[in-house]
Amino acid sequence: MSKVPKVSIIIPLYVDTPRFYRDLKKIIKLDYPSYEIIIVTDNVLSGKKIDIDRINAKVILTGKNITGPAEKRDIAIQQAKGEICAFIDDDAYPDVNWLKHAIVHFQHPQIVAVGGPGITPKEDNYWEQLTGLVYGSFFCGGHAQHRFIKKDAMFVVDYPAYNLIVRKDVLMKVGGYGTHFYGGEDTFLCLKLIKGGHRILYDPEVVVYHHRRALFVPYLKQIANIGMHRGYFAKVFPETSFQINYFIPSILTVGFFAGIVLSFFNRYIAHTYLILLLFFISVSSFSVIRKTDFKKSFIVAIGIILTHITYGIFFIKGLLTKELLR
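Below is a short write-up of the structure. Numbers given for residues are sequential positions, taken from 1 along each chain in its written order. pLDDT decides what is reported in this predicted model: residues at 70 or higher carry local features, side-chain atom pairs at 80 or more are listed and counted, and totals for whole chains, interfaces and linings draw on all residues regardless. The basis for every side-chain value is the complete set of non-hydrogen atoms in the structure, without hydrogens or water.

**Topic: a nonpolar patch on the surface**
- Patches were defined on residues exceeding 30% relative accessible area and lacking a salt bridge, with like-charge contacts within 9 Å and nonpolar side-chain contacts (Val, Leu, Ile, Met, Phe, Trp, Tyr) within 5 Å. In short, Shrake-Rupley with a 1.4 Å probe defines the accessible areas, and a residue's cover is counted only from the protein chains shown. The working definition used for a salt bridge is a side-chain nitrogen of Lys or Arg within 4 Å of a carboxyl oxygen of Asp or Glu. Taken together, the side chains of Phe257, Ile260, Val261, Phe264, Phe265 and Ile313 present a nonpolar region at the surface, about 650 Å² in accessible area.
- Secondary structure elements follow DSSP: runs of H or I of four or more residues count as helices, runs of E of two or more count as strands, with numbering from the N terminus. Here the nonpolar patch gets 3 residues from one element, more than from any other, and that element is helix H11 (residues 244-263).
- Within the secondary structure layout, isoleucine 313 lies in helix H13 (residues 294-320).
- Assessed through its relative accessible area of 41%, isoleucine 313 is described here as partly exposed. Exposure classes here rest on a 1.4 Å probe applied to the protein chains alone. A residue is buried below 20% of its type maximum, exposed above 50%, and partly exposed in between.

**Side note on helix H3 (residues 69-79)**
- Listed in full, the buried residues belonging to H3 are Pro69, Ala70, Lys72, Arg73, Asp74, Ala76 and Ile77.
- Contacts are assigned to residue pairs with any non-hydrogen atoms lying within 4.5 Å of each other. Turning to H3, the residues buried within the fold contact strand S1 (7-13), strand S2 (35-41), strand S3 (58-61), strand S4 (84-88), helix H7 (168-174) and helix H8 (185-195).

**Re the packing of helix H12 (residues 267-286) against H13**
- Every angle, taken between N-to-C directions, lies between 0 and 180 degrees, and every axis is a line fitted to C-alpha atoms, over only the stretch in contact when it is a helix. Here H12 crosses H13 at 120°, and the two axes come no closer than 8 Å. What the angle tells us is that H12 and H13 run oblique. Crossing handedness for the pair H12 and H13: right-handed. Here H12 contributes Leu277, Phe280, Ile281, Ser284 and Ser285 to the contact with H13, which in turn contributes Ser297, Phe298, Ala301, Ile302, Ile304, Ile305 and His308.
- Residue classes follow a fixed rule: Ala, Val, Leu, Ile, Met, Phe, Trp, Tyr, Cys and Pro count as nonpolar, while Asp, Glu, Lys and Arg count as charged, and any other residue, Gly among them, counts as polar. A class-by-class count of the residues in the contact of H12 with H13 yields 8 nonpolar, 4 polar and no charged. By the definition adopted for this analysis, an angle is roughly parallel if under 35 degrees, roughly antiparallel if over 145, roughly perpendicular if from 65 to 115, and oblique otherwise. Note: crossing handedness is left-handed where the near helix turns anticlockwise from the far helix by less than a right angle, and right-handed where it turns clockwise.

**Comments concerning the sheet that holds strand S8 (residues 154-156)**
- DSSP bridges decide pairing: two strands pair if at least two such bridges lie between them. What the 8 strands build is an open sheet, ordered S3-S2-S1-S4-S9-S6-S10-S8; its pairing is mixed. Looking along the sheet, the strands with just one partner apiece sit at the ends: S3 and S8. Between one strand axis and the next, the sheet turns by 25° as a mean value, whatever way the strands run.

**A word on the side chain of aspartate 23**
- Considering the arrangement of structural elements, one finds aspartate 23 in helix H1 (residues 18-26).
- With a relative accessible area of 3%, aspartate 23 lands in the buried category.
- In this structure, aspartate 23 is in contact with Asp91, Ala92, Tyr93 and His211, ignoring residues within four places of it in sequence.

**Here's the deal with the side chain of threonine 62**
- Within the fold, threonine 62 resides in the loop between S3 and H3.
- Assessed through its relative accessible area of 17%, threonine 62 is described here as buried.
- As used in this structure description, the phrase polar contact means that two N or O atoms lie within 3.5 Å; if the pair is within protein, one of them must be able to donate a hydrogen and the other to accept it, and residues adjacent in sequence are counted only when both atoms belong to side chains. Side chain to side chain, threonine 62 and aspartate 42 meet in a polar contact 2.5 Å long.
- For threonine 62, the residues in contact, after removing those within four places along its chain, are Val40, Thr41, Asp42, Thr67, Lys72 and Ile75.

**Examining the packing of helix H5 (residues 126-136) against helix H9 (residues 217-236)**
- With their axes 10 Å apart at the nearest point, H5 and H9 run at an angle of 35° to one another. Side by side, H5 and H9 meet where Thr131, Val134 and Tyr135 of the first sit next to Tyr219, Gln222 and Ile223 of the second.
- Its residues placed into classes, the contact of H5 with H9 shows 4 nonpolar, 2 polar and no charged.

**With respect to the environment of threonine 321**
- Within the secondary structure, threonine 321 sits in the segment after H13.
- Residue classification places threonine 321 among the buried residues on the basis of a relative accessible area of 15%.
- Between the C-alpha atoms of threonine 321 and aspartate 169, which are 152 residues apart in sequence, the distance is 34 Å.
- Beyond its immediate sequence surroundings of up to four residues, threonine 321 is in contact with Met228, Tyr232 and Lys235.
- There is a polar contact of 2.7 Å between the side chain of threonine 321 and the backbone oxygen of lysine 317.

Here you go:
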């Protein structure tokens, strides 16, 4: 690898919203000397061509009605000129030192991929900020909390593609993403990397700013999709997905509804259930109270509970699904 490897920044574009163009312009502020930008989209861009030209981005049209993010990334990998492929979503933008912090790790030959947190941008609106607080709470993020806020550096076996930087030669060797999954394509890729004896490093300084979906409905739809894929993966890819942490929301969900039913038959169970529920709401609220006010912390606590219920239900659905087509 050259001393300063060229990096191909790959963006699978779903819809070219005004926010996408605002985020795109922030890429040119990167403190890194050699990179290209590749945007893969199904449709001709609706406008702002001047912005695309200004940052010298390459736009690839798939010519299809709908192509998932994994397929878009694979198309870009084939045309990437960089030694490193840096994946970022179309609803995110990088910190100015994103690549500079990440690339130093590739001096170690065993490290083939580097990821970092997707932090909620300050410009996100009220309900999007609340979603960020839900993600960042220990009682929601749990073992995956490092994906949303800065935590200690560590090696990981699974990491989301909204902030994932990978050696191109290794990507080519494993066949890229090579999947139709939409909501678990990154898990599939990381599993192939791990099986190849490679290592994936999480560095808290490799930061992107990832816009959130608004609490409640848009966010919970996303959680349902994540839960569905993880449940399915726990069955078909147990090497990295059959972990107790992924089953906990389903266990809590069964307990939640069982407690409601049993409370109708026994007042002691009803009292115990109510105490436990109030206790969980309280500790969930206090887990974020230092970052916000009481009203927001209470809404976040409700969001945490609904996250576990939604994820838990769809995780079970994924476990019972014979074949997940997308």
